[in-house]
Amino acid sequence: HADEPHSLANDLMINVTGFFRDPPAWEALRITALQPLIAARPNNSTLRVWVTACSSGEEAYTVAMLLAEEAERAGKKLEIKIFATDTAQRSLGLARAGVYPGGIESEVPLDLLERYFDKDEHTYRVKKHIREMVVFASQDVLRDPPFSRVDVCTCRNLLIYLEPDLQRRVLGMMHFSLCEGGFLFLGNSETLGSAEMLFEQVSKKWRIYRRLG
């Protein structure tokens, strides 16, 4: 059947994600990367983020909430653009809808849950102004062109599934995508490997790096 290859590909995808997954890592990103970026950015300017392997969207919306919080705290009006990409069309459809089951109370802090979600009987939906910050798109990081001039790139728990030569290719692509001094955020089980000369270490423990060159 013509649809079966797509169904099989979707079933083979590893979709392990959540809001604020590894909370201390996100707190470290907020303090070491997001706050300095927003503090240095003039009013009415643009801040761009690329979230790779976004799955069903929780990570992209986590970034959006943190940036919205920090911009408000700093009294800045910024245009925040988050490009969230994946190869799984089914996951991207769920991400665009922004509807999540009631169990997310254990993942999202209560104040953010009340501020950035609308509650239904059994679900939560990300509020429109947060959804509008994020553009979800189909992309294969091994084949498709990268985004450019981004301030932050997150690549969490993707590299661990790739062979070393493919890891180098993806990290080189992200180095190209980042602005000078832009930040790369990896998963807790990932390292730069042979691409370490492209980035300086911001937080070894939480895998936060700054672009060099």
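**Examining the environment of Ala88**
Okay, so step 1: You can see Ala88 is positioned in the loop between strand S2 (79-86) and helix H4 (89-97).
Okay, so step 2: Assessed through its relative accessible area of 1%, Ala88 is described here as buried.
Okay, so step 3: Residues Ala88 and Pro146, 58 residues apart in the sequence, show an inter-C-alpha distance of 17 Å.

**Considering the packing of aromatic side chains**
Okay, so step 1: A full pass over the atoms with the stated rule returns eight aromatic pairs.
Okay, so step 2: On the basis of an interplanar angle of 85° and a centroid distance of 5.6 Å, the ring pair of Phe19 and Phe117 is categorised as edge-to-face. Pair noted here: Phe19 is in the loop between helix H1 (4-12) and helix H2 (23-40) and Phe117 is in strand S4 (residues 117-119), with a separation of 98 residues, a long-range link.
Okay, so step 3: The interplanar angle of 65° and the centroid separation of 5.5 Å between the aromatic rings of Trp50 and Phe147 together place this pair among those described as edge-to-face. One end of the pair, Trp50, is in strand S1 (residues 46-51); the other, Phe147, is in the loop between strand S6 (134-138) and strand S7 (150-155), with 97 residues separating them in the sequence.
Okay, so step 4: Relative accessible area serves as the criterion here: at 0%, Trp50 is assigned to the buried category.
Okay, so step 5: Residue classification places Phe147 among the partly exposed residues on the basis of a relative accessible area of 21%.
Okay, so step 6: In this structure an aromatic cluster arises from ring pairing among Phe19, Tyr61, Tyr100, Phe117, Tyr124 and Phe136.

**Brief notes about the sheet that holds S4**
Okay, so step 1: In spatial order, the strands read S3-S5-S4; together these three strands make up an open sheet with antiparallel pairing. Since the sheet does not close on itself, it has two edges, and those belong to strand S3 (99-101) and S4, each with one partner. Shown here is a sheet whose adjacent strand axes are inclined to one another by a mean of 30°, direction ignored.
Okay, so step 2: Bridge count for S3 against strand S5 (residues 123-126) is three bridges, and the pairing is antiparallel.

**Some words on the nonpolar core**
Okay, so step 1: By size, the foremost hydrophobic cluster in this structure holds 47 residues, and its most contacted members are Phe19, Leu67, Ile82, Phe117, Val134 and Phe136.
Okay, so step 2: The element that contributes the greatest number of residues to this core is helix H3 (residues 58-74), accounting for nine residues.
Okay, so step 3: Every residue in contact with Phe136, bar those within four places of it in the chain, is listed here: Cys54, Gly57, Ala60, Tyr61, Ala84, Leu92, Ala95 and Arg96.
Okay, so step 4: Membership of the second largest hydrophobic core comes to 20 residues, among which are Trp50, Val150, Cys155 and Leu184.

**Some details on the side chain of His175**
Okay, so step 1: On the secondary structure map, His175 appears in helix H7 (residues 164-177).
Okay, so step 2: Ignoring anything within four residues of it in the chain, the contact list for His175 reads Leu198, Phe199, Arg211 and Leu212.

The rules we used
Residues numbered from 1 in each chain as written. Predicted model: local features only at pLDDT ≥ 70, side-chain atom pairs only at ≥ 80, totals over all residues. Heavy atoms only, no water. Helix = DSSP H or I, 4+ residues; strand = E, 2+ residues; numbered from the N terminus. Buried < 20%, exposed > 50% of the residue type's maximum accessible area, 1.4 Å probe, protein only. Phe/Tyr/Trp six-rings, centres within 6.5 Å; stacked < 30°, edge-to-face > 60°. Pairing = 2+ DSSP bridges. Axes fitted to C-alpha atoms, helices over the stretch in contact; angles between N-to-C directions. Core = buried A, V, L, I, M, F, W, Y, C linked by side-chain atoms within 4.5 Å. Contact = heavy atoms within 4.5 Å.

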